[in-house]
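The chain contents come next:
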Amino acid sequence: MKNLILFTLLFLCAKQLTAQDSLKDPVYKHRLFVHFYPSTLIVGDVSLGFEYLYKKRIAQELSLGIKSIPTNIYYFDKGFRLDYLLKYNLFEDEQFRFSTNISILYKDVYFRNKEITYLFVNDFGSIDNEVYQTLLEDRRHTEYGAGLGFSLNFKICKDFFIAGDAGINFVKYKVIYNYNKIIYRNSYYPYTNYVEVPSTYVTESSWRHLSPVLRLKITYLLLKK
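What you see is a predicted model; the values in this text were computed from it and never measured.

Side note on the overall build of the protein chain
Then, number 1: Helix and strand counts for the protein chain stand at one helix and nine strands.
Then, number 2: Taking contacts inside the protein chain between residues at least 6 apart in sequence as the whole, the part at least 24 apart equals 65%.

Topic: the pattern of salt bridges
Then, number 1: Summed over all chains, the structure comprises 15 salt bridges.
Then, number 2: One salt bridge connects Arg215 with Glu61, and the closest N-O pair in it is separated by 3.3 Å. Taken together, the positions of Arg215 in strand E9 (residues 209-224) and Glu61 in strand E3 (residues 58-67) put the pair 154 residues apart, joining distant regions of the chain. No difference in accessibility class separates Arg215 from Glu61, as the two residues are buried.

Quick notes on unusual backbone geometry
Then, number 1: Put simply, Val197 and Pro198 share a cis peptide bond, and its omega is 0°.
Then, number 2: Its place among the elements puts Pro198 in the loop between strand E7 (160-185) and strand E8 (199-204).
Then, number 3: Not every positive phi belongs to a glycine, and Lys158 is a case in point at roughly 45°.
Then, number 4: Structurally, Lys158 can be placed in the loop between strand E6 (125-157) and E7.
Then, number 5: You can call Lys158 exposed: its relative accessible area is 68%.

With respect to the confidence of the model for the protein chain
Then, number 1: Model confidence for the protein chain is summarised by a mean pLDDT of 83, while 79% of its residues fall at 70 or above.
Then, number 2: Looking over the protein chain, one finds the lowest element-wise mean pLDDT in helix H1 (residues 2-17), namely 45, and the highest in strand E1 (residues 30-36), namely 95.
Then, number 3: Confidence drops under pLDDT 50 across residues 2-7; counting only partners more than four residues distant or on other chains, this segment forms four contacts.
Then, number 4: Confidence drops under pLDDT 50 across residues 9-25; counting only partners more than four residues distant or on other chains, this segment forms 16 contacts.

Regarding the environment of Val195
Then, number 1: Relative to the elements of secondary structure, Val195 occurs in the loop between E7 and E8.
Then, number 2: Sequence separation of Val195 and Tyr179 is 16 residues, and the distance between their C-alpha atoms is 8.3 Å.
Then, number 3: Non-local contacts of Val195, meaning those with residues more than four positions away in its chain, are made with Gln133, Leu135, Tyr179 and Arg185.

A closer look at a nonpolar patch on the surface
Then, number 1: Together, Phe36, Leu48, Phe50, Ile156, Phe160, Ile162, Ile218, Tyr220, Leu222 and Leu223 line one region of the surface with nonpolar side chains, adding up to about 900 Å² of accessible area.
Then, number 2: Those elements that provide at least two residues to the nonpolar patch are strand E2 (45-54), E7 and E9.
Then, number 3: Ranked by residue count, the leading element in the nonpolar patch is E9, at four residues.
Then, number 4: Looking at where Ile162 falls in the secondary structure, it is placed in strand E7.

Digging into the side chain of Asp159
Then, number 1: Its place among the elements puts Asp159 in the loop between E6 and E7.
Then, number 2: Excluding residues that lie within four positions of it along the chain, Asp159 makes contacts with Thr219, Tyr220, Leu221 and Lys224.

Description of the nonpolar core
Then, number 1: Listed in full, the six residues of the largest apolar core are Phe91, Phe96, Phe98, Phe150, Leu152 and Ala166.
Then, number 2: Within the residue set of this core, elements represented by two or more residues are strand E5 (96-122) and E6.

Analysis parameters
- Residues numbered from 1 in each chain as written.
- Predicted model: local features only at pLDDT ≥ 70, side-chain atom pairs only at ≥ 80, totals over all residues.
- Heavy atoms only, no water.
- Helix = DSSP H or I, 4+ residues; strand = E, 2+ residues; numbered from the N terminus.
- Contact = heavy atoms within 4.5 Å.
- Salt bridge = Lys/Arg side-chain N within 4 Å of Asp/Glu carboxyl O.
- Buried < 20%, exposed > 50% of the residue type's maximum accessible area, 1.4 Å probe, protein only.
- pLDDT = per-residue confidence, 0-100.
- Patch = residues over 30% accessible without salt bridge, like charges linked within 9 Å, V, L, I, M, F, W, Y side chains within 5 Å.
- Areas by Shrake-Rupley, 256 points an atom, 1.4 Å probe, with all protein chains shown as cover.
- Core = buried A, V, L, I, M, F, W, Y, C linked by side-chain atoms within 4.5 Å.

Here it is as structure tokens:
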């Protein structure tokens, strides 16, 4: 993170030293961008976003990520995430844009009827390959909050850009566990350590929970006038 911030500051200084006057760039009153988010595809998301930039300072971005591809990499393979960013451009020229932003997010993801394996845990943590129990579960995770960050946008060619967002959100979350069926239980461990099946368990966090944001974007300038 520190290297990225340092690189951005050096880039801005270089722009000033080379006397590139951003006022000479074409100024459009309205610009509309469409965003694709390849950084989220690795966990089975289909993601798309739109950003509206008014003149050279104020922009708004709305993105939606839908979990739809079953995967063994990540438990939650259904649901969605919605992000809204209100941006203020600190610097913009024909090739580069740097902005700060206020972000709002809402996430609701879940899975159903998955076999989840738990390892035995002692005072030193979980023990590898020491299976405690395997349960058939439903699980739902909801999260919402707001935060601060910054965004970078680099022009690749013509109307195509590569961009990214980084920041931190203060969020509150809730996780609902539904234990449906026992697949396996290690009889060596005391029964008092087992969860009751069937049952429902809920855990919640306070607003002090932090959720980082770091994503890449491929951007196309859809409209300018």
